[in-house]
Each structure stands twice: as C-alpha cells, then as structure tokens.
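# Architecture at a glance
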Amino acid sequence: MNSKPKVSFRTVRRTKLVDDVVIQLQKKITEGGLKEGDKIPTEPELMEQFGVGRSTIREAVRVLVHAGLLEKKQGFGTYLKRAAVIREPLDSRLRRAEIIEVYEVRQMMELEMARLAAERRDEDDLAAIKEQLDTRNRALANGDIKTYLEADIRFHIAVATASKNAVVVDLYQTFSVFLRETLAAIFAHPEGHDPQTEAHTRLYECIRDRDSAGAVASASRYLKGTLEELFGEMD
C-alpha cells in the first residue's frame, strides 16, 4: 500500500465551504499532489488544514466519492480511486469551475457551432435565430435586462440547434444555466457593458448567407469582447 502523501491546503473562507474544499482537493488531484491509490489526509487533518468542521469535510468527500474520484475503504480510510472516472453531473462541475475555464470551453463550442450552423441551417433555424436577435435588440433598447438575458441565451441555443448536432444542443443548454448567472452578474453593474450587438447581428447574417468563415469570425469577436470585459485585456 502506498505511503501517505505529504500534501497541505490553505484555510478556506467561511462561505460556500463545501465547494471550496472540493475545489482544492480536486486541484490537488489534477496537479498530481495526490496520485492514484494515495490515501487522503484523515478527517481531523483536513479539518485543521481547511479550518472547517467535520460535517463540511464529510460532505466534500461525499461529493468526490459520488463524482468517482475518491473511494472509501472501510477501516482503512479514503483513497484516490485508481483509473478514476468522473461521474459528477456536468452542471455541478460547471458551478465549481473557474469562470475562465468555462469560457474557454464555451469558445471551443461556439466557434464550431457557428461554423456548422452556417453549413447546415434551414429556414426554420434562420427564423428562430432572427426572432431571438430581434427580441434581444428590442429588450436592450427598452432597458429590459431580464428579457435581454433570456433572449441572448435563446439566441445561442438557436444557433446550436442550427448546427444539427443534438449533443451540442444538450451541452449548450447545460452551459446556459451558468451563462445566465454570469451575464446577470455583469448586468448587476452595467456601466461600460458592451452587449456586442453588431457581432451578434453579423453572426446571424453569416449563418443566413452560409458564410462559415464569417460566422466563426463573428462568434470569435463577441466571445473575445466578453472575455475582455470579465478579465481585462486578453493576450
């Protein structure tokens, strides 16, 4: 049996304690601080290092056991599972992810969505995309932020639908829960927010004209704008 690894963690803040513990443990696994078959520190050790109570540690471990990363061995402790396969629901995983990580995945998805939509769209797809674009623009003009946020999400789901890839549609609908929260946070302080209306309009036009290269460029433009707004000037 492997010897206990020497790992340490920083004390977490007093909000969202379970999520913070889960994130730190998972990062330690990803970075190689814990390897397959390693025994994680005991409950008292984790309580001391994280500065939290026993119930928080137990719930965090339960989350990672359910996700397929850890396994409990009765009478021996909890170990990093060999050949671990993550079974955690995607929506739960997204909520624990760094925002930049989610937006990098969003970028990968939306660029391909735009290309496929331009190649595969039909007239019903175009009508759906245009309807949401018009609703989005009217809501912005009227200062109706709630309607704008919903129309923006539905616009992108309509583009995903036009890609004719059912898996992409399902994935994007799951992503949309997180994106709604992010956009709502942006509009909590709307000063200086750029809704990238021109880029969204251009995306529709390129999909309409079956211009796949233009569609990808348009999607790249509004994604870059959102990333800069969230994190500052991007390299």
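Up top is the structure these notes are about.
Quick caveat, the model's predicted, so the values are computed rather than measured.

Rules of the game
Residues numbered from 1 in each chain as written. Predicted model: local features only at pLDDT ≥ 70, side-chain atom pairs only at ≥ 80, totals over all residues. Heavy atoms only, no water. Helix = DSSP H or I, 4+ residues; strand = E, 2+ residues; numbered from the N terminus. Buried < 20%, exposed > 50% of the residue type's maximum accessible area, 1.4 Å probe, protein only. Contact = heavy atoms within 4.5 Å. Areas by Shrake-Rupley, 256 points an atom, 1.4 Å probe, with all protein chains shown as cover. Axes fitted to C-alpha atoms, helices over the stretch in contact; angles between N-to-C directions. Parallel < 35°, antiparallel > 145°, perpendicular 65-115°, else oblique. Left-handed = near helix turned anticlockwise from the far one by under 90°. Expected span 1.5 Å × (residues − 1). Arc of directions from axis to C-beta.

## Quick look at the overall build of the protein
Summing up its helical and strand segments, the protein has ten helices and two strands in all. In the protein, the succession of α and β elements from N to C terminus is α-α-α-β-β-α-α-α-α-α-α-α. Within the span of the protein, comprising 235 residues, buried residues form 42% of the whole. For the protein, the share of sequence-separated contacts (at least 6 apart) that also reach a separation of at least 24 residues comes to 68%. Only carbon and sulfur atoms are counted for the fraction: they give 51% of the accessible area of the protein, which is about 12600 Å².

## A short note on the packing of helix α6 (residues 123-142) against helix α9 (residues 197-208)
It is at 10 Å that the axes of α6 and α9 come closest, and there the two elements cross at 165 degrees. For the element pair α6 / α9, the angle class is roughly antiparallel. The two elements α6 and α9 cross, and the hand of that crossing is left-handed. Here Leu126, Ile129, Lys130, Leu133, Arg136, Asn137 and Leu140 of α6 lie close against α9, whose contacting residues are Thr197, His200, Thr201, Tyr204, Ile207 and Arg208.

## Side note on helix α3 (residues 54-66)
Its 13 residues give α3 an end-to-end C-alpha distance of 18 Å, which sits within 8% of 18 Å, the value for a rise of 1.5 Å per residue. Taken residue by residue, α3 has Thr56, Ile57, Ala60, Val61, Val63 and Leu64 as its buried positions. Buried residues of α3, seen end-on, are gathered within an arc of 155 degrees and therefore sit on one face of the element. Looking at the buried residues of α3, the elements they touch are α1 (17-30), α2 (43-50), β1 (70-73) and β2 (77-80). Looking one or two places after α3, you find Gly68, whose phi comes out positive at around 90 degrees.

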